[in-house]
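Residue-level listing of the chains:
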Amino acid sequence: MSEAPRKTHWTDRYVDIASVALISLASVLTALCGYQSSLYATQRTQLFSSANVHRVTAASYAGRSNALEIIDVGLFVQYIAAGTTGDATLQRYIVEHLRPEMRPAMNAWLALKPGARPNSPLAMPEYKLATDADAQRETALAEGLFARAEEAGALSDRFVKATVTFATVSFLAAMSTKFFYPLHLVMIVLSAAIFLYGLVHIAQLRFI
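Throughout, a residue's number is its position along its own chain's written sequence, starting from 1. Only residues with pLDDT of 70 or above have their local features reported here, since the model is predicted, and side-chain atom pairs are shown and tallied only from 80 upward, although totals for entire chains, interfaces and linings are computed over all residues. For side-chain calculations, the full set of non-hydrogen atoms in the structure is used, while hydrogens and water are omitted.

**Student:** How do you make sense of the overall build of the protein when you look at a structure like this?
**Tutor:** Under the DSSP-based scheme used, a helix requires at least four consecutive residues in state H or I and a strand at least two consecutive residues in state E, with every element numbered from the N terminus. Helices and strands together make up the secondary structure of the protein, namely five helices and zero strands. Radius of gyration: C-alpha atoms only; globule rule: 2.2 Å multiplied by the number of residues to the exponent 0.38. Here the C-alpha atoms of the protein give a radius of gyration of 36 Å, more than 25% beyond the 17 Å that 2.2 N^0.38 yields for 208 residues. If you line up the protein on its principal axes, its C-alpha atoms span 125 × 25 × 25 Å. The proportion of buried residues among the 208 residues of the protein is 32%. Considering only contacts within the protein whose residues lie at least 6 apart along the sequence, 75% involve residues at least 24 apart. Within this scheme the basic residues Lys and Arg register as positive and the acidic residues Asp and Glu register as negative, but His and the chain ends are omitted. By convention, the point assigned to a charge is CZ for Arg, NZ for Lys, CD for Glu and CG for Asp. Across the protein, the 18 positively charged side chains and the 16 negatively charged ones have centroids separated by 6 Å. Think of it in three bands: with a 1.4 Å probe and only protein chains considered, a residue is buried below 20% of the maximum accessible area for its type, exposed above 50%, and partly exposed in between. Contacts: residue pairs with any heavy atoms within 4.5 Å of one another.

Here's what the structure looks like:
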């Protein structure tokens, strides 16, 4: 004996319409969120790469600063050594041939009374290296880019979550047409609720 055809319920037609609408909208939003996720993932990679370039540049400037400080310390040690032997001529020659960045600090150091002087002109506020400022600038740029890269990565992950959410909507909406009353109503309502949740979620995100 053949099975009796199931009786249709007045909600079937509305469930079918809602199912088609949800599947269509969810498919579009799934594609959109996937695209946004890929854009942010690419942006994250580019920003990380730029941040690394600035970090390497900052390290280069810092290395140059260290080398220059070693030169300045070496000349100052020679100045002190010349002073212990009473060689004022050599001391004067060293002061006259200091690097431009060391000379203001040395002059300020010499202007102080011996008891008020710090151990080295390098401790004077007048001692400033351009490479130190360059290193700090590059480090700040690297940190800013790194923070933006992390933000882009977080947004990419959130768009992936939205993609999964809307894919779930499509699945439940499609499955609702395979069930009878009242289960198909439960599934379509659940699908609509998840769809609304997804809309609220992506409304809080920033699109590129």
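**Student:** I would appreciate a short explanation of helix α5 (residues 183–203) in the present structure.
**Tutor:** One less than the residue count of a helix, multiplied by 1.5 Å, gives the span that helix is expected to have. Its 21 residues place the ends of α5 30 Å apart at the C-alpha level, agreeing with the 30 Å of an ideal helix rising 1.5 Å per residue. Among the residues of α5, those classed as buried are His184, Met187, Ile188, Ser191, Phe195, Gly198, His201 and Ile202. When α5 is viewed along its axis, its buried side chains cluster within an angular range of 135° and face the same direction. Among the exposed residues of α5, those oriented more than 90 degrees off its buried face are Val186, Val189, Leu196, Val200 and Ala203. This arc is taken over the directions from the axis of the helix to the C-beta atoms.

**Student:** Please explain the packing of aromatic side chains as it appears in this structure.
**Tutor:** Aromatic rings considered in pairs are described by the distance between their centres and by the relative angle of their planes. Here a Phe, Tyr or Trp ring, Trp counted by its six-membered ring, pairs with any other such ring whose centre lies within 6.5 Å, and the pair is stacked when the planes are under 30 degrees apart, edge-to-face when over 60, and tilted otherwise. A full pass over the atoms with the stated rule returns six aromatic pairs. Ring centres of Tyr40 and Phe159 lie 5.9 Å apart, and the angle between their planes is 15°; this geometry places the pair in the stacked category. Taken together, the residues Tyr40 in helix α1 (residues 12–84) and Phe159 in helix α4 (residues 130–176) connect sequence positions 119 residues apart. Judged by its relative accessible area of 2%, Tyr40 falls in the buried class.

**Student:** Explain helix α2 (residues 88–96) to me, please; I cannot follow it from the model alone.
**Tutor:** One turn of the α-helix equals 3.6 residues, which is why residues spaced by three or four share an orientation. Buried within α2 are the following residues: Gln91, Ile94 and Val95. Along α2, the residues classed as buried sweep out an arc of 100° about the axis, all on the same side.

**Student:** Looking at this structure, how should I read the side chain of Thr30?
**Tutor:** Looking at the element boundaries, Thr30 is found in helix α1. Each polar contact in these results corresponds to two N or O atoms within 3.5 Å; when the atoms are within protein, one needs to be able to donate a hydrogen and the other to accept it, and residues that are neighboring in sequence are counted only if both atoms are side-chain atoms. Here Ala26 takes part through its backbone oxygen, which lies 2.6 Å from a polar atom of the side chain of Thr30.

**Student:** Please clarify how the packing of α4 against α5 should be interpreted in this entry.
**Tutor:** Pairs of packed helices are described in terms of their axes, by the angle between the two and the distance that separates them. Between N-to-C directions, angles span 0 to 180 degrees; the directions come from axes that are lines fitted to C-alpha atoms, helices contributing only their stretch in contact. Contact pair α4 / α5: the axes reach a minimum separation of 8 Å and the direction vectors enclose 160°. Relative to α5, α4 is oriented roughly antiparallel. Of the two possible hands of crossing, α4 and α5 adopt the one that is left-handed. Here α4 contributes Arg158, Lys161, Ala162, Thr165, Phe166, Thr168, Val169, Leu172, Ala173, Met175 and Ser176 to the contact with α5, which in turn contributes His184, Met187, Ile188, Leu190, Ser191, Ile194, Phe195, Tyr197, Gly198, Leu199, His201 and Ile202. All amino acids are sorted into three groups, where Ala, Val, Leu, Ile, Met, Phe, Trp, Tyr, Cys and Pro are nonpolar, Asp, Glu, Lys and Arg are charged, and the leftover types, Gly among them, are polar. Split into classes, the residues belonging to the contact of α4 with α5 amount to 14 nonpolar, seven polar and two charged. The scheme is simple: roughly parallel for angles under 35 degrees, roughly antiparallel for over 145, roughly perpendicular for 65 to 115, oblique for anything else. Should the near helix be turned anticlockwise from the far one by less than a right angle, the crossing is termed left-handed; should it be turned clockwise, right-handed.

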